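# Observations on the three-dimensional arrangement
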Amino acid sequence: MKAKFIKAVDSGDITNVRLFLINELMLDPRGKSFTEMKSYAESKLNNLYDDDNGKTYDKEESEWDDTFLFEVKNDMIDNFSKERLAFYEMVAKLVLKDKAEHLDAEEKINRNKASQAHRTSARNAWTSKKTAYSSVVAGGVVATVAGLCVEKAALATILTSVGTLAMIAGGVLLIKELKK
């Protein structure tokens, strides 16, 4: 929920709370955020609703369109009753069905992008580790070969030992990474 809506509810600003609720269905006709906002307002405000004035509409569902939606929306300003709000919600969900489907598709695309970014990040981390461990093994091989080629015994022993340890450590880490 938006902070401005919560502030309006908490301060008892009935007019703005009602406008937020009416407009929320226009912004997101799927109704999830609207339902959450309505529940919050109902839990905090005893005077949220007017008594229903009994006005009825003679249009069949098949005739509901944007013009009718705005007619019902405008009537909400004069009579914000539970019954009228429930009817307005039904009309908005039907008339704005394409918008709701578009919002669902957009969310799915965003979830897929986030998931793909996570997989790419994990793959890059794995590739980075694999490269690092392979480099340690290669460095160990170079040090071992250099140790075998050096004529001074002390230096040869050090190079061979360090090279062998690097090959073993890098190899173990690389094998563990490859098993993941």
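Scroll up a little and you will see the structure.
Every value quoted in this text rests on a predicted model; they were computed, and no experiment measured them. (Residues numbered from 1 in each chain as written. Predicted model: local features only at pLDDT ≥ 70, side-chain atom pairs only at ≥ 80, totals over all residues. Heavy atoms only, no water.)

To continue, consider helix α4 (residues 66–78). With 13 residues, α4 should cover 18 Å at 1.5 Å per step; its first-to-last C-alpha distance of 19 Å lies within 8% of that length. Residues of α4 that are buried include every one of Phe68, Leu69, Val72, Lys73, Asp75 and Met76, and no others. What you see down the axis of α4 is that its buried residues fit within an arc of 160°, all on one side. Every exposed residue of α4 that faces more than 90 degrees away from the buried side is listed here: Thr67, Ile77 and Asp78. Buried positions along α4 lie against α2 (14–27) and α5 (82–95). The opening residue of α4, the one whose side-chain oxygen lies 3.3 Å from the backbone nitrogen of Thr67, is Asp65. (Helix = DSSP H or I, 4+ residues; strand = E, 2+ residues; numbered from the N terminus. Expected span 1.5 Å × (residues − 1). Buried < 20%, exposed > 50% of the residue type's maximum accessible area, 1.4 Å probe, protein only. Arc of directions from axis to C-beta. Contact = heavy atoms within 4.5 Å. Polar contact = N/O pair within 3.5 Å; in protein donor to acceptor, adjacent residues only side chain to side chain.)

On to the side chain of Glu24. If you trace the backbone, Glu24 turns up in helix α2. What makes Glu24 buried here is its relative accessible area of 7%. Residues in contact with Glu24, not counting those within four places in the same chain, are Lys2, Ser33, Phe34 and Met37.

Right, let's get into the nonpolar core. One recurring pattern in soluble globular proteins: nonpolar side chains tend to sit buried together. Grouped together as the largest cluster of nonpolar side chains are 30 residues, with contacts concentrated most on Phe5, Val17, Leu21, Leu48, Leu69, Phe80 and Tyr88. The set of elements that each furnish at least two residues to this core consists of α1 (3–10), α2, α3 (32–44), α4 and α5. (Core = buried A, V, L, I, M, F, W, Y, C linked by side-chain atoms within 4.5 Å.)

So, about the side chain of Lys73. As for its placement among the helices and strands, Lys73 is situated in helix α4. It turns out Lys73 is buried and unbridged, and the closest side chain with the opposite charge, Asp66, is 11 Å from it. Side-chain polar atoms of Lys73 contact the side chain of Asn23, separated by 3.1 Å. Not counting residues up to four positions away in its chain, the partners in contact with Lys73 are Ile22, Asn23, Met26 and Tyr88. (Lys, Arg positive; Asp, Glu negative; His and termini not counted. Salt bridge = Lys/Arg side-chain N within 4 Å of Asp/Glu carboxyl O.)

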